[in-house]
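A closer look at the structure
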Amino acid sequence: MAEVSEIHAPELKDRRADALGDLRHLPDEIILAILANIGARDVSRLACVSSVMYILCNEEPLWMSLCLHNAKGHLEYKGSWKKTALHQEHLPNGYVEPHGKRLHFDGFNSLFLYRRLYRCHTTLDGFTVDNGKVERRKDLSVEEFFHEYDGKKPVLLTGLTDTWPARSTWTTEQLLLNYGDTTFKISQRSSRKIKMKFKDYVSYMKVQHDEDPLYIFDDKFGEAAPGLLKDYSVPHLFQEDFFDVLDRDQRPPFRWLIIGPERSGASWHVDPALTSAWNTLLCGRKRWALYPPGRVPAGVVVHVNEEDGDVNIQTPSSLQWWLDFYPILDEEDKPIECTQLPGETIFVPSGWWHCVLNLETTIAVTQNFVNSKNFEFVCLDMAPGYHHKGVCRAGLLALDKDNFKNGKIDAFCDKDGLNYPDLTRKEKRIRTYRPGKDPDNQNARKDVCENYDLWNQDFCYDIDFLSMFLDHKKDHYSSLWSSSNCIGQREMREWLCKLWVGKPDMRELIWKGACLALNAGKWLECTSEIGAFHGLPSPTDDERLPVDTGSNPVYLISDSVVKLYVEGGLEASVHSLGAELEFYSLLRKVNSPLKDRIPDVLGSGFLYLDNGSYTIVPWDGKGVPEVIAKCNWISANCVENGFSFGVWSKIYFEYKKAGATYESISLAGCTAIWPYIITKRCKGKIFAQLRDTLLSEDVLNLASFLGEQLHNLHILPHPSVNNLIHLPFDDGFMDAISDKISIPAEWKIFIRTLARKREDVSNRLTKCGITNRSYSLLSPSKGKLDFTRLKSVECVYYGTRLWLLTVAVASLTGGDPIPSSLMEKVDEYLPNDFTKLLNIFQDENGQDKVNKHCCWIHSDIMDDNIHLEPCQISTCSTPHAIDSSLPDNGSTDGCNGSTEKVSWRPCHILDFSDLSIGDPIWDLVPIHLDVFRGDSSLLKRCLESYKLPLVRRTSQTGLELDSKFGRLSYHAMCYCILHEDNVLGAIFSLWEELKEAKSWEEVEETVWGELNNYDGFC
């Protein structure tokens, strides 16, 4: 047999090791993840380091990430993401490719880069699927829809849009003609809010080759282009929407215009708050994949914060999921699928997982809604805690051993063939894969499918079953509110109250929802017990829900107001009531005019549950009731006469709470005790209900009124701290900041508390937007992981997707309202010695004197703590009081239906439970930011009536008045930064332009500059 000569091609040397050095040990995806977190200019420089860095640093998806991370305002695509990013840096075009053409190198390959390149250029012409698993129906009646599909399964509906003008006008060409210069919001995986003009977006769609293209997903399209709202109407099957009772600016986002090119789409998710949705396609084709509630798709990770229940979902893009995960699923594990065609409407029930991929350029409109079928699920999702949220989304994967000890859950699991030993066996197959040990990911793929044994078990999306996972130890009023909830706490209570009034025939259902969301049954029972003890009438059906304002349960019963103190726990509640009662006693003693502006107190005390029965203990604020004396947080030095839990005791408690080393106080044996107060009900309305309807003159009068009442509050004598020897002020609490000065004890306490708040201010402000706490990661392929146990960076494969776990936490920074440039400067801006805020000087005798007045401060004068009463005015008359029932909600034109105008005048200040003693400037923070919404003219008007000096300026002052400590604006800004509430979030919401501020001084001048014009009346 003749020999066959072999021709060997010259072997190419792998240039990776030499070109990357020590970085060669990292996978390409990790290197690119690192590059994505540095600036565009630095990436351009790194491209010059070596051939491999040149290849990595010129990858378009990297430049897309860099560009979107730095995008500000309107985005204009320049033909490539590198050109667009460098254009943002204001660099000339020559920097994009100095040599005029791209360089090419051999001896290097990357499976990661190849896959990403393939996804960027793949076409989806043959991606259509229709296996009949989603029914197509036409001419469906409301009754048929309600009984066959609503809350049960998806359905494709035809014929709903036959009369819509959008069927012919919502094409790319027509929209470009009519709305080319209109700006729309862009959805992408970026914390930045990105917008594009529609004509620029169409230009981008025509030339882009992105694996996850930009996607118009705009919930404000009706405001940007009102004409679009006339082109369609809500189909008759979805007319019932409980959010309709809210004003447009109050209701959460609910409708979206959706436009996207081929390969764009929505990755796996469950709709917000477990709402249902309809989606109508006007142009193009969409491929849908859906799983029933509780069946987490492969490759998807659900994070549920154990403290506030915040839900965050990590998922590959829709295209990547279909290319990388879909092929490895067994046939029985694949999702329900369909291809949506123009004119079709798909209904997605509450709790269903769904993923959408655009097969070509598509235009659609979608709305989420709450109706009688999903209302209880929406309320459940807004209940405090985290476990029920995990079960609603991840099903049985969210259950641990403790849950299976519950007899009801055992019965449920036995019924469906699953018990805890089965779960344990599945968890034992969970393993962590690291790069290099399974290069082809075969084990990871096998692991995904094996764990679907658990995933495939029947899951009962039943409200009675899901409510079993509520954490009854957590309370709506005292628990952290999840940022993933679709509305705020107060808005949620207001929503329930409006439903209660507006839908009386559905009160049985609304009551069930209220009991899930805020445990309304418990608070009504407590209030009824208190009312019966004090001779109040039983709550009527109209009075069964607490009012929507405030941070504690408040009930309006006949002519009385019953408030239970729960915020912050029992110790905080006792101090709040104690300080409030001490303050009211002082008002009566000195006969202050402020007492006429505060509702009369009709009763106060404690309600506690003992052996299944309630007991009432009246309390006037003096002494220590026996039920409280038994609690383990009571100090042995606590005196039993006087106001034992008065304002100084409250301040000491808050000082301890402000310290980083403060241990959470155990409330064992004291969890069923609720302080309460009963006050006379004011006639009229709170300012929060009237803000948008008040006449301009009424608002000016309100500002003057607040200045007068602050004056009356700040001149009141306060208790001497030196008389309260029972408080443990000898543990360093009373130490002076500086040994060289001597200041009054009350100022020492104030300064020491500020110093404690400063110690961890950077971390505290960071947590306003990033939650770095323990998370449960739930996935059918990986069971559970715990961030708190991660001591170093670990990479875990989910199928073919590499996840960098430590980056998963950082990805939650999207809600951070504080610019990073300011975060870096906060420690430099705040003073190291807060005594400098007191403007201390030495008198002729060499004694240290403080140029500020230490006084009572309310701390919480906000729009829901100001009461107004109605009056009538004509063009020639002066205001006179009228019956409060005349204008129910006010009116835009200030009329009550007759020829007379309706005016409102402030009459009462409410809720003194946040009382403290300190700098009077502290009271201006909530007034200016919440009541006045940053209006400097109203702040000026308020100060004109205040007529007290905020700082006494003397010739002996030790500070230069042109220094930062001489600026009242600096004092106020420091208090904003140190405030326990998210005051900075309010500032950056009111002044959007300050998100681009370069210094705290810029923020200070914008927000508080008017203060520097105030000299006061010395």
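Model, not experiment: these values are computed from the prediction. (Residues numbered from 1 in each chain as written. Predicted model: local features only at pLDDT ≥ 70, side-chain atom pairs only at ≥ 80, totals over all residues. Heavy atoms only, no water.)

Let's shift gears to the nonpolar core. In this structure, Phe583, Leu706, Ile987 and Trp1008 are the most contacted members of the largest nonpolar core, which totals 110 residues. Discounting chain neighbours no more than four positions away, the residues touching Ile987 are Leu929, Met973, Cys976, Leu994, Val1003 and Val1007. Core analysis: the next-biggest nonpolar cluster, separate from the first, contains 83 residues, Val311, Phe469, Ala517 and Ile678 among them. (Core = buried A, V, L, I, M, F, W, Y, C linked by side-chain atoms within 4.5 Å. Buried < 20%, exposed > 50% of the residue type's maximum accessible area, 1.4 Å probe, protein only. Contact = heavy atoms within 4.5 Å.)

Let us now look at the state of the cysteines. Counted by the stated rule, this structure contains zero disulfides. Of all cysteine sulfurs in the structure, the one in Cys379 sits closest to Cys486, which takes part in no disulfide; the separation is 9.8 Å. Using a relative accessible area of 22% as the deciding quantity, one classes Cys486 as partly exposed. Distance from the sulfur of Cys855, which forms no disulfide, to the nearest cysteine sulfur (Cys854) is 6.6 Å. Since its relative accessible area comes to 0%, Cys855 is described here as buried. (Disulfide = S-S within 2.5 Å.)

A few words on the packing of aromatic side chains. Here the structure, examined in full by the defined rule, presents 45 aromatic pairs. Centre to centre, the rings of Phe243 and Trp495 are 4.6 Å apart; their planes meet at 35°, and the pair counts as tilted. Separated by 252 residues along the polypeptide, Phe243 in the loop between helix H12 (221–224) and strand S6 (255–260) and Trp495 in helix H22 (residues 489–502) bring together distant segments of the chain. The pair Phe243 / Trp495 is uniform in exposure class, with both members buried. The ring of Phe146 carries Lys373 above its face, with NZ or CZ at 4.5 Å from the centroid. (Phe/Tyr/Trp six-rings, centres within 6.5 Å; stacked < 30°, edge-to-face > 60°. Helix = DSSP H or I, 4+ residues; strand = E, 2+ residues; numbered from the N terminus. Lys NZ or Arg CZ within 6 Å of the ring centre and 35° of its normal.)

As a further point, take the sheet that holds strand S4 (residues 194–197). Read from one edge to the other, the open sheet built from nine strands follows the order S1-S2-S13-S8-S15-S6-S5-S3-S4, with strand pairing classed as mixed. At either end of the open sheet lies a strand with only one pairing partner, and these are strand S1 (136–138) and S4. Strand-to-strand twist in this sheet, taken as the mean axis angle between neighbours without regard to direction, amounts to 30°. Pairing of strand S3 (residues 183–187) with S4, which is carried by four bridges, proceeds in the antiparallel orientation. Counterpart to Phe184 in the pairing with S4 is Met196. Packing against the sheet, helix H11 (residues 198–207) makes contact with S3, S4, strand S5 (215–218) and S6, and its axis sits at approximately 90° to S4. (Pairing = 2+ DSSP bridges. Axes fitted to C-alpha atoms, helices over the stretch in contact; angles between N-to-C directions.)

Our next topic: the packing of helix H5 (residues 60–70) against helix H6 (residues 81–88). Taken N-terminus to C-terminus, the directions of H5 and H6 make an angle of 30°; their axes are 8 Å apart at the nearest point. Regarding the angle of H5 to H6, the classification is roughly parallel. As for how H5 packs across H6, the hand of that crossing is left-handed. In this structure, H5 uses Glu60, Trp63, Met64, Cys67, Leu68 and Asn70 to contact H6, whose residues at the interface are Trp81, Lys82, Thr84, Ala85, Leu86 and Gln88. In terms of residue class, the contact of H5 with H6 is built from seven nonpolar, three polar and two charged. (Parallel < 35°, antiparallel > 145°, perpendicular 65-115°, else oblique. Left-handed = near helix turned anticlockwise from the far one by under 90°. Nonpolar A, V, L, I, M, F, W, Y, C, P; charged D, E, K, R; others polar.)

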